Protein chains: 2
Amino acid sequence: MNKKVIIVGGVAGGASAAARLRRLDEEAEIILLERGEHISFANCGLPYYIGGTIQDRSKLLVQTPEMMDRRFRIDVRVQNEAIQINTKDKTVTIQHNGDTYEENYDALILSPGAKPISPSIEGIDHSKILSLRNISDTDHIKSMVDMDAVREVTVIGGGFIGVEMAEVLAERGLKVTLVESAPHILAPFDDDVVPIVEKELQDHGVRLILGDPVMKFNDVSGNGPEVILQSGHSHHADLVIMAIGVMPDTAFLKDSGIELGPKGHIIVNEYLQTNCEDVYAVGDAIEISNFVTGQKTAVPLAGPANKQGRIAADHIAGLPSKYEGAQGTSILKVFGLTAASTGSNERTLRRSGIPYRTALVHPGSHAGYYPGAEPMTLKLIYDKQGRVLGAQALGGAGVDKRMDVLATVIRLKGTVQDLTELELAYAPPYSSAKDPVNMAGFVAQNDLNGMSPTITLEDIKERNKENTILLDVRTRQEFEQGHIPDAVNIPLDELRDRLDQLDSSKKLLVYCQVGLRGYTAVRILRQKGFNAVNLTGGYKYYKSASFTPDQDGIIIY
Amino acid sequence: MNKKVIIVGGVAGGASAAARLRRLDEEAEIILLERGEHISFANCGLPYYIGGTIQDRSKLLVQTPEMMDRRFRIDVRVQNEAIQINTKDKTVTIQHNGDTYEENYDALILSPGAKPISPSIEGIDHSKILSLRNISDTDHIKSMVDMDAVREVTVIGGGFIGVEMAEVLAERGLKVTLVESAPHILAPFDDDVVPIVEKELQDHGVRLILGDPVMKFNDVSGNGPEVILQSGHSHHADLVIMAIGVMPDTAFLKDSGIELGPKGHIIVNEYLQTNCEDVYAVGDAIEISNFVTGQKTAVPLAGPANKQGRIAADHIAGLPSKYEGAQGTSILKVFGLTAASTGSNERTLRRSGIPYRTALVHPGSHAGYYPGAEPMTLKLIYDKQGRVLGAQALGGAGVDKRMDVLATVIRLKGTVQDLTELELAYAPPYSSAKDPVNMAGFVAQNDLNGMSPTITLEDIKERNKENTILLDVRTRQEFEQGHIPDAVNIPLDELRDRLDQLDSSKKLLVYCQVGLRGYTAVRILRQKGFNAVNLTGGYKYYKSASFTPDQDGIIIY
């Protein structure tokens, strides 16, 4: 008897599973149910179609039902919604054109995805408050922003979709306000580096309101809504995009016996099996292991969804593939800036009680003597044994490359020692003889072996001013153009001759512009008996972390 | 007593060692001897200064003796040449301004580098035959090509320096001929992918002569030399650049007792110690272990040299750093093309008797629906256990990124299975949900587990036509526009219905355009009992590997 497999959800995870399964089993009956009109659409491309970077709408449709049938003999049924699963009888109840029908299955793959959170805020049902999940949302939003009357758009929520929407709408020339309830946007990034993104948004005309949740929307007749924030601030918007996050779209599983987590995520094991026999789940709706911490988490990203679809299909076909967890590698274009992260950040490690240390470097994308090098900020997080736990990078060219190298090192459970030894491709147009990743490894290695212990901005802030000296080793000119308050200045090249001016009973907190001269200074000082440590990332780090959005008079809470 | 360390050679390895040593030992006396006028110059930038991409000559001088003294208290002596080492008495004899003097040492680091090979070819002493090693060579060549009279330049040797020189001179508008004695340029690349670079050179006006060694140069009075090749072909050149390779610059060590390899490379252990006590060696002049094969080799590249300098300094200061060998990661810009490689290629593996398999994919640099994606060719080499042995990539944007990820996997001894699991940074402007590296891993995994065994162009060429069928599964239209001779065409989407047209007693060699439809076809066929295999890389691979430079009538040998 040929196996009958039903797949619920036809986008990333579901479509991947269907194609893989056919390649593994030519005889299986494969039914792909998709509630919406389209399968396998370019989810991650939707903002760029609204923005106009992608001009041809048909490019969003990666696969059509006809193509899936012709090539893979998959019975694709769009506008067919699974509304109930009977895991005892192994049947799915399906709604189509107002009618319902049943299909039995030998194996079931659930890939229902996640939907935008729609909070119970007064006035949220306004016709000019929209969210973005699928092609039809996209068409709707695009038709709105194509109208001349829409000039001012407010995006609520500074996650990936919110920031991408703010960017593409600003690039269309609209006046965009981005409202975030937390003190900073983009949770995968730590508070000390994310101001780089916030500055990029502001520099390109996006107004940022941070730390100020939406209280309600007032309906102003015939007009867009008025956005009222907790602070009391209010402003008009011709259109509001809600992007405060997503939740698993799993309400239809409520009475199925399939185990769900506290927020509705489907619980699976390493083979992506649910607690019910022959029922698998993949994609944005499932709870998975964090690859770094081992803790349970949800990672609603396309890369993991595709890999999971493949693995569920493998397991159904009898192959031993396993899903080892997700590390949450992600990347974002924000105007001229690229921001990328992988693994755990400080926030999640603190919450998990996992000790860590950090190193921060400001290398160029390639050799400084070859034209066009662009600066980046690269933050590395590692434990005392040197295992790399996470990384964040922000800058121009080459940020994506360094993030992929670091994501690879994390996946292969590498250490900061490994980072120093990586032999990466070097020619002047591409990198430096010591790549940024090598550099971050050197700094972390020098920190761990005590050659040049690093401190962070927080250590500077919380220092005891009585028994520490904040020592700026840049040139007099650099110092005069701006320095951390209370710092004293001894330029590095004078340091050896001026050691007697330093009180050796005090701890020396050394900094320079990016960290390199500080390192040399710390080496001199430590060899001369001083207890000296180096501010990783230097004054440049201090400056960029101190950026606060300019609110044209709006108070930031 | 403070340690006295002498470093011979002030460029990449030597300069790195000096700075690192000072950071480790504030008290050591450090003398850096450099035969030339400059230390720590931007070796890899020299062609780009000649070409004009780097306009400011001072940018080539990364460190000056004054800076090294001020910051690191290093006694830099330029135009001081070590001419003899007495390893018993621990002294170095130094020549300066025609005089000689001696310095004793507690530790010695040799970083003499490599020099261009100057073969004994008749007429090679011509004043218009030059080679490129240092700043003064650079000045000389640049002054020549700046002259209006120099219109036609011949570069002898298609290694990295030769190809870079050909590129930069052609970009200046000169008429460039590149002569290579081997059948192909750029030995780190295999014969099946390097034609992509050869085509790029030809498309940008560089005339290529392959497989034709230089026999002699005729001196045509008052004019540039006439270049005579083994084939009998001759042509005039206003200037000839010799770039047939480098050799270790170690003649001065002949009677030192320091062990040298057959070609003059300094023999070192994993701590970069020579056989003589307290004598270390680093950089282009040493013989090291190949990280992949474990065999002895020389890798004259800046990245390894810098790392070695650091490690030798560490060992002198008592730190336990080790050098684990080089994998030869390298990269090259050739007009709009990037070509990069890491680890072993087929040629070196065959020579070493190490069995391997290959996979080749043609992914885009990022999601096809987002504008600006550029194609690349990515070749993966791995063993039967799945360990990644090497990779080569050629294309536009993102080639460097994938090469660095693969270099990292090789360094951490990863497998093709790991490649499938890597969670790399995906957003449409940067990659696809399945990154090119994932894709290469999938192809290799399907090969190794027998789901879709791959074959290469060589297998196609050497096939027994009696008991094989060459099956093209592209569309009729694609087939008609060009196909591999003797192929039969059954488009993939018709395959299931036309299986009875295939002789199941014969082996089916399947191909499509890039390999993906071929894979699906192979899965259908194998499940139906056919012995089917897939040409990795497909027809696109066949086409690009078949490129032959156009010689305007010149015979290629």
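Quick notes on the rules
Residues numbered from 1 in each chain as written. Chains lettered and ligands numbered in written order. Predicted model: local features only at pLDDT ≥ 70, side-chain atom pairs only at ≥ 80, totals over all residues. Heavy atoms only, no water. UniProt positions renumbered as here; feature names shortened; annotations may be inferred. Helix = DSSP H or I, 4+ residues; strand = E, 2+ residues; numbered from the N terminus. Rg over C-alpha atoms; globule rule 2.2 N^0.38 Å. Buried < 20%, exposed > 50% of the residue type's maximum accessible area, 1.4 Å probe, protein only. Least-squares fit on C-alpha atoms with pLDDT ≥ 70 in both. Contact = heavy atoms within 4.5 Å. Axes fitted to C-alpha atoms, helices over the stretch in contact; angles between N-to-C directions. Parallel < 35°, antiparallel > 145°, perpendicular 65-115°, else oblique. Buried area = accessible area lost by both parts, 1.4 Å probe. Salt bridge = Lys/Arg side-chain N within 4 Å of Asp/Glu carboxyl O. Nonpolar A, V, L, I, M, F, W, Y, C, P; charged D, E, K, R; others polar. Domains from an automatic or database assignment. Pairing = 2+ DSSP bridges.

- Going by an unreviewed UniProt entry, chain A carries the name CoA-disulfide reductase and comes from Paenibacillus azoreducens.
- The Sequence similarities (unreviewed entry) field of the UniProt record for chain A holds the comment "Belongs to the class-III pyridine nucleotide-disulfide oxidoreductase family."
- Listed under Cofactor (unreviewed entry) in UniProt, the entry text for chain A is "FAD".

### Considering the overall build of chain A
So, point 1. Helix and strand counts for chain A stand at 16 helices and 31 strands.
So, point 2. For a compact globule of 557 residues, the expected C-alpha radius of gyration is about 24 Å, and chain A comes in at 26 Å, within 12% of that figure.
So, point 3. Seen along its three principal axes, the alpha-carbon backbone of chain A occupies a region of about 90 × 60 × 45 Å.
So, point 4. Taken over 557 residues, chain A has a buried fraction of 60%.

### Focus on the relation of the copies chain A and chain B
So, point 1. Note on the identical chains: chain A maps onto chain B by a rotation of 180 degrees and an axial translation of 0.0 Å, with an RMSD of 0.0 Å. The two molecules are tied by a two-fold rotation axis, judged by turn and shift.
So, point 2. The share of interface residues of chain A whose copies in chain B are also at the interface is 99%, consistent with both copies meeting through the same surface.

### Comments concerning the packing of helix α15 (residues 516-527) of chain A against helix α1 (residues 12-24) of chain B
So, point 1. Where α15 of chain A contacts α1 of chain B, the axes come no closer than 8 Å and their chain directions differ by 45 degrees. In terms of orientation, α15 of chain A and α1 of chain B fall into the oblique class. Of the residues in α1 of chain B, those touching α15 of chain A at Leu-516, Tyr-519, Thr-520, Arg-523 and Gln-527 of chain A are Arg-20, Arg-22, Arg-23 and Leu-24 of chain B.

### Details of the interface of chain A and chain B
So, point 1. Across the contact, 85 residues belong to chain A and 84 residues belong to chain B.
So, point 2. Summed over both partners, the interface of chain A with chain B buries about 7,700 Å², with 55% contributed by carbon and sulfur atoms.
So, point 3. The tally of links between chain A and chain B comes to 16 salt bridges.
So, point 4. Among the ionic pairs, Arg-496 of chain B bridges to Glu-26 of chain A, the shortest N-O distance being 2.4 Å.
So, point 5. Of the residues forming the side of chain A that touches chain B, the biggest block, nine residues, is contributed by helix α9 (residues 399-411) of chain A.
So, point 6. Looking at side-chain class alone, the side of chain A that touches chain B contains 37 nonpolar, 18 polar and 30 charged residues.

### A look at the domain arrangement of chain A
So, point 1. Splitting chain A by domain gives domain 1 (4-114 + 247-316), domain 2 (129-244), domain 3 (336-447) and domain 4 (457-535).
So, point 2. Here the C-alpha centre of domain 4 of chain A lies 57 Å away from the C-alpha centre of domain 1 of chain A.

### With respect to the sheet that holds strand β21 (residues 296-297) of chain B
All names here are of chain B.
So, point 1. Ordered by their spatial adjacency, three strands build an open sheet running β18-β20-β21, and the pairing between neighbours is mixed. Two strands in the sheet have a free side with no partner beyond their single neighbour: β18 (266-267) and β21.
So, point 2. Sheet analysis places β18 next to strand β20 (residues 286-289), joined by two bridges and oriented parallel. Within β20, the residue paired with Ile-267 across the bridge is Glu-287.

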